[in-house]
Amino acid sequence: MSALLKRLAGYEALLVDDLGYVQQSRAEMEVLFTLLAERYERGSVLLTSNLPFSGWEAIFKDPMTTAAAIDRLVHHSVIIELNLPSYRAEQAKKAKQRRQTDADESANGPGTEKPQARE
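Basis of the calculations
Residues numbered from 1 in each chain as written. Predicted model: local features only at pLDDT ≥ 70, side-chain atom pairs only at ≥ 80, totals over all residues. Heavy atoms only, no water. Helix = DSSP H or I, 4+ residues; strand = E, 2+ residues; numbered from the N terminus. Rg over C-alpha atoms; globule rule 2.2 N^0.38 Å. Buried < 20%, exposed > 50% of the residue type's maximum accessible area, 1.4 Å probe, protein only. Areas by Shrake-Rupley, 256 points an atom, 1.4 Å probe, with all protein chains shown as cover. Lys, Arg positive; Asp, Glu negative; His and termini not counted. Charge placed at Lys NZ, Arg CZ, Asp CG, Glu CD. Core = buried A, V, L, I, M, F, W, Y, C linked by side-chain atoms within 4.5 Å. Contact = heavy atoms within 4.5 Å. Phe/Tyr/Trp six-rings, centres within 6.5 Å; stacked < 30°, edge-to-face > 60°. Axes fitted to C-alpha atoms, helices over the stretch in contact; angles between N-to-C directions. Left-handed = near helix turned anticlockwise from the far one by under 90°. Nonpolar A, V, L, I, M, F, W, Y, C, P; charged D, E, K, R; others polar. Expected span 1.5 Å × (residues − 1). Polar contact = N/O pair within 3.5 Å; in protein donor to acceptor, adjacent residues only side chain to side chain.

1. Remarks on the overall build of the protein chain
Moving on, step 1. When helices and strands are tallied, the protein chain shows 5 helices and 2 strands.
Moving on, step 2. Shown N-terminal to C-terminal, the secondary structure of the protein chain runs as helices and strands in the order α-β-α-β-α-α-α.
Moving on, step 3. Relative to the 2.2 N^0.38 estimate, which gives 14 Å for 119 residues, the radius of gyration of the protein chain is 23 Å and therefore markedly larger than a compact globule would have.
Moving on, step 4. Projecting the C-alpha coordinates of the protein chain onto the three principal axes gives extents of approximately 65 × 30 × 30 Å.
Moving on, step 5. When each of the 119 residues of the protein chain is scored for burial, the buried share is 18%.
Moving on, step 6. Taken as a whole, the protein chain presents about 9700 Å² of accessible surface, with 53% of it coming from carbon and sulfur.
Moving on, step 7. Of the charged side chains in the protein chain, 15 are positive and 17 negative; the average position of the first set lies 4 Å away from that of the second.

Next up, the structure:
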């Protein structure tokens with residue numbers, strides 16, 4: 001592992017995307033913690049996660065490791081919190097609406113709208 005850490009140290013920045021999206025083993029999270037500790041004050045780490053810090057114990061499996069990882073990440077950092085709707089969910093919703101419109105036009109003819117229920 002030290003050879004990999006040495007190789008990664010050559011990069012100015014590392015990107016960890018969707019931390020916590022897939023559950024990892026304790027051993028895998030120890031490797032990640034070691035990487036974060038090695039990068040601390042030596043190189044940039046850009047990290048994305050859908051989990052707030054309060055949910056990271058599920059990632060690192062241990063309260064002390066979790067606290068230490070967060071401590072290293074937030075020191076000298078810029079945190080950007082986006083409380084926006086999911087881009088992928090919005091795109092899926094639009095695609096579903098387009099498919100429904102296409103299906104309605106196929107069934108009723110082009111330029112016609114889906115019949116509305118009468119009250």
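2. Some remarks on the nonpolar core
Moving on, step 1. Ranked by internal contacts, the top residues of the largest apolar core, which has 15 residues, are L19, L32, L35, L36, W56, I59 and F60.
Moving on, step 2. Here this core takes 4 residues from helix α2 (residues 26-39), the largest share from any one element.
Moving on, step 3. The contacts of L36, once residues within four sequence positions are left out, are V45, F60, A69 and L73.

3. Re the packing of aromatic side chains
Moving on, step 1. What the rule picks out here adds up to 2 aromatic pairs.
Moving on, step 2. Ring geometry for F53 and W56: centres 5.0 Å apart, planes at 75 degrees, overall edge-to-face.
Moving on, step 3. Each residue in the set F53, W56 and F60 is aromatic and connected to the rest through ring pairs, giving one cluster.

4. Here we look at the environment of A103
Moving on, step 1. With respect to the element layout, A103 can be found in helix α5 (residues 87-108).
Moving on, step 2. For A103, a relative accessible area of 42% gives the class partly exposed.

5. Quick look at the packing of α2 against helix α4 (residues 63-74)
Two quantities define a packed helix pair, namely the angle between the axes and the distance from one axis to the other.
Moving on, step 1. The geometry of α2 relative to α4 is characterised by a closest axis approach of 10 Å and an angle of 35 degrees between their N-to-C directions. The handedness of the crossing between α2 and α4 comes out as left-handed. Residues F33, L36 and A37 of α2 lie in contact with α4, whose contacting residues are T65, A68, A69, R72 and L73.
Moving on, step 2. Grouping the constituent residues of the contact of α2 with α4 by class yields 6 nonpolar, 1 polar and 1 charged.

6. A short note on α5
Every α-helix winds through 3.6 residues per turn, so residues three or four apart in the chain are directed the same way.
Moving on, step 1. With 22 residues, α5 extends 31 Å from end C-alpha to end C-alpha; this agrees with the ideal 32 Å at 1.5 Å per step.
Moving on, step 2. Between the side-chain oxygen at the start of α5 and the backbone nitrogen of R88 there is a gap of 3.4 Å, and the oxygen is on S86.

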